[in-house]
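# Reading the structure
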Amino acid sequence: MFKNYFLDKVENAIIKAIEAGKLGQMSEYTKGSLPVEKPKNPDFGDFAVNVSSLARSARIAPPMIANAIVEFIDKDDCEYSVIGGFINFKAGDSLLVNLLEEIYNKREEFGRPENIEKEKIILEYISANPTGPFHIGHGRWAAMGSALANLLKFYGHEVYQEFYINDAGSQIQKLGRSLVIRIRQALGENVDFPQDETERKNYYPGDYLIPVAEQFLKDKKDLLDSVSNDLDKIDLQVFCDYAKAYEEKVQRDLLDNFRVTFDKFYSELSLHNSGKVEQCVQKLRDSGKIYTKEGAEWFKSSDYGDDQDRVIKKADGSNTYLTADIAYHIDKLERGFDRMINIWGADHHGYVARVKASIEALGYDPNKLEVLLGQLVNLVINGNEVRMGKRKNMVTLEDLIDEVGVDATRFWMSMRNIDTTLDFDIELAKTKSDENPVFYVQYAHARACSIIRNATSEKVDTETGKTIPPVLTEEEFKKLVSNYDKNIAEKSVKDARKLILKLEDFKSLIVNSAQTRQVYTICRYVQDLAAEFHSFYNSTRVITEDLELTKSRLMLIWAFKTVLSNALGILAVTAPERM
RNA sequence: GCGCUCGUAGCUCAGUUGGAUAGAGCGUUUGGCUACGAACCAAAAGGUCGGGAGUUCGAAUCUCUUCGAGCGUACCA
């Protein structure tokens, strides 16, 4: 990276300057102690390092230190200038040309760091109940989670994506009971969900179960006939299983459509059935971290930093949600993952401490669990926030995707820091104009493709009617981009410094984003990159009379298109050839 | 009450480990298409970084305090 190249130069110069006795009382320098930053004012340079922190040990004023260091920098075609305590750096053409070469050599791999510490990561996200359609909040975890998985893979980690299905609790009974009511209604019976609020909480009154009931009548006709449509003679479990399977299918179809791919859907029920939950409880008992109070068994999680102890076995002998979750995390560790990353809604933040406590109590390293708490999503329509509380006028993720499309939904769901509540403005996301960053970015890609098409296809002169041959045939273009030619490439770098520097940023972007687990940075990057491209486009004509220059700029356009497409690929947003 | 997250331009948000004149998009205003896509570009205006105190040569960033918003504080999942 240019940044590292520059820092290396400066640090070597410091060491030489010290040897030459030019840095006053400074006697040694440890590499890596100076931060490289981007100057606020781009006129100063591409990167800068502030040497003020050396002033104390050298006992010389910062500007003098900077000047002394610059004198010892090995000369190349880059610029090194001093302003105050800053050494500013401006990359020379040779670095820019090298960068283009790197893009051409690595292509889809461009930006992947070398020599990383590879980890085997299990990334868990969404993990919804199979009791109904996804809501908008799930969409945020879906978009961010899958983009994070792509990012971590691109960075070089091994990533296993998992969806934990909460299919074991009482909510499944609730689902089954609700389906029964919908079936009775479909059979013409005059029944409805209870009006009493407390009673009503035992049901899902949303109308999404109506089509499920209709499908049930078709699929289970024989069963219904055998009991003469007397639903009381059918075990509730039949309805539970049916509705659950139906909703799981609905969820998975939507995920496919939303470009979210899981390696495994892990059923909570299977965890119970395997006996792993009971084993976990027994291990906790053996560890002496369980006590009985008021008929329930409590886990002393407060011994491990939780603010209070938690029930692990209810007085009626059943497990709590936490119990299964403990077993699930232990199972992940036993499957050999180095790291577990979970994306949870911020409303689950109280859970982090107790799960970590259980991991520690069972003898594993709690630091292997990393929980990313995501703030929730507000739906905004025409500038007004829409309350998501009531099931009745709930906007589902499917509705949203139908309305604004997969690309825009994915982008908008990923574009904000996970720590901030996301306002999702449907009207804005729908617009195909400059108000919508997705189109801005995609337009840049389409425009780049268009230039290449233009250069490689023949035209008709409107006056003479004669066909004008393309600047380059498709064959020639293919050759141009498959055999990197430094002599051609270097002709365009002078006019495209900012664009090339932005391409270079992709490398540090990947490192920073992967390490901080943030994907909104990718959204910002593609917008910046697109802006540099549009700016370049407006100031510099690609196809000109000068064939060599045209070729050179086409090479640049191709490099841009490749990097933009890589970045969009991480977000799983399409990079269209045309719009 | 306690805990977590947040508070930066009219709006939505960036701001690396404390460093140069606090940035971007939208909106507003002004320019730019008889050549590659104007779904674009160039430029201007717009700020007491919620308030107060402290640490420091230096604070949007660290500490304390205060105000405001969201979420959590189950033998629900």
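Scroll up to find the structure this text is about.
Keep in mind that this is a model prediction, so the values were computed, not measured.

### Points about the overall build of chain A
- Along its length, chain A carries 23 helices and 17 strands.
- Seen through its principal axes, chain A has C-alpha atoms that stretch 90 × 80 × 40 Å.
- Within chain A, buried positions represent 39% of all 579 residues.

### Some thoughts on the pairing of strand β8 (residues 290-293)
- Here β8 runs beside strand β9 (residues 296-299); their pairing, made up of four bridges, is antiparallel. Within β9, the position partnered with Ile290 by the bridge is Phe299.
- Linking two consecutive strands that pair antiparallel, namely β8 and β9, is a turn of two residues; a positive phi of about 50° is found at Glu294 within it.

### Overview of the protein's contact with RNA strand B
- Around RNA strand B lies a shell of 68 residues, among which Ala48, Gly169, Glu294, Asn417 and Ser450 are the nearest.
- With nine residues, helix α18 (residues 437-456) is the single largest residue contributor to the surface near RNA strand B.

### Brief notes about the environment of Leu95
- Relative to the helices and strands, Leu95 resides in helix α4 (residues 93-106).
- Sequence spacing of Leu95 and Asp76 is 19 residues, and the spatial spacing of their C-alpha atoms is 9.9 Å.
- If sequence neighbours within four positions are ignored, Leu95 has contacts with Phe2, Tyr5 and Cys78.

### Observations concerning the sheet that holds strand β7 (residues 264-267)
- Strands sit in the order β7-β6-β5-β11-β12 across an open sheet of five strands; the sheet is parallel. The sheet terminates laterally at β7 and β12 (369-374), the two strands that pair on one side only. Across the sheet, the mean angle from the axis of one strand to that of its neighbour is 25°, orientation sign disregarded.
- One ladder, built from six bridges, connects strand β11 (residues 339-345) with β12; its direction is parallel. Directly across from Trp344, in β12, lies its bridge partner Leu373.

Calculation notes
Residues numbered from 1 in each chain as written. Chains lettered and ligands numbered in written order. Predicted model: local features only at pLDDT ≥ 70, side-chain atom pairs only at ≥ 80, totals over all residues. Helix = DSSP H or I, 4+ residues; strand = E, 2+ residues; numbered from the N terminus. Buried ≥ 20, exposed ≤ 12 C-beta atoms within 10 Å, placed from the backbone. Pairing = 2+ DSSP bridges. Near = placed C-beta within 6 Å. Contact = placed C-beta atoms within 7 Å. Axes fitted to C-alpha atoms, helices over the stretch in contact; angles between N-to-C directions.

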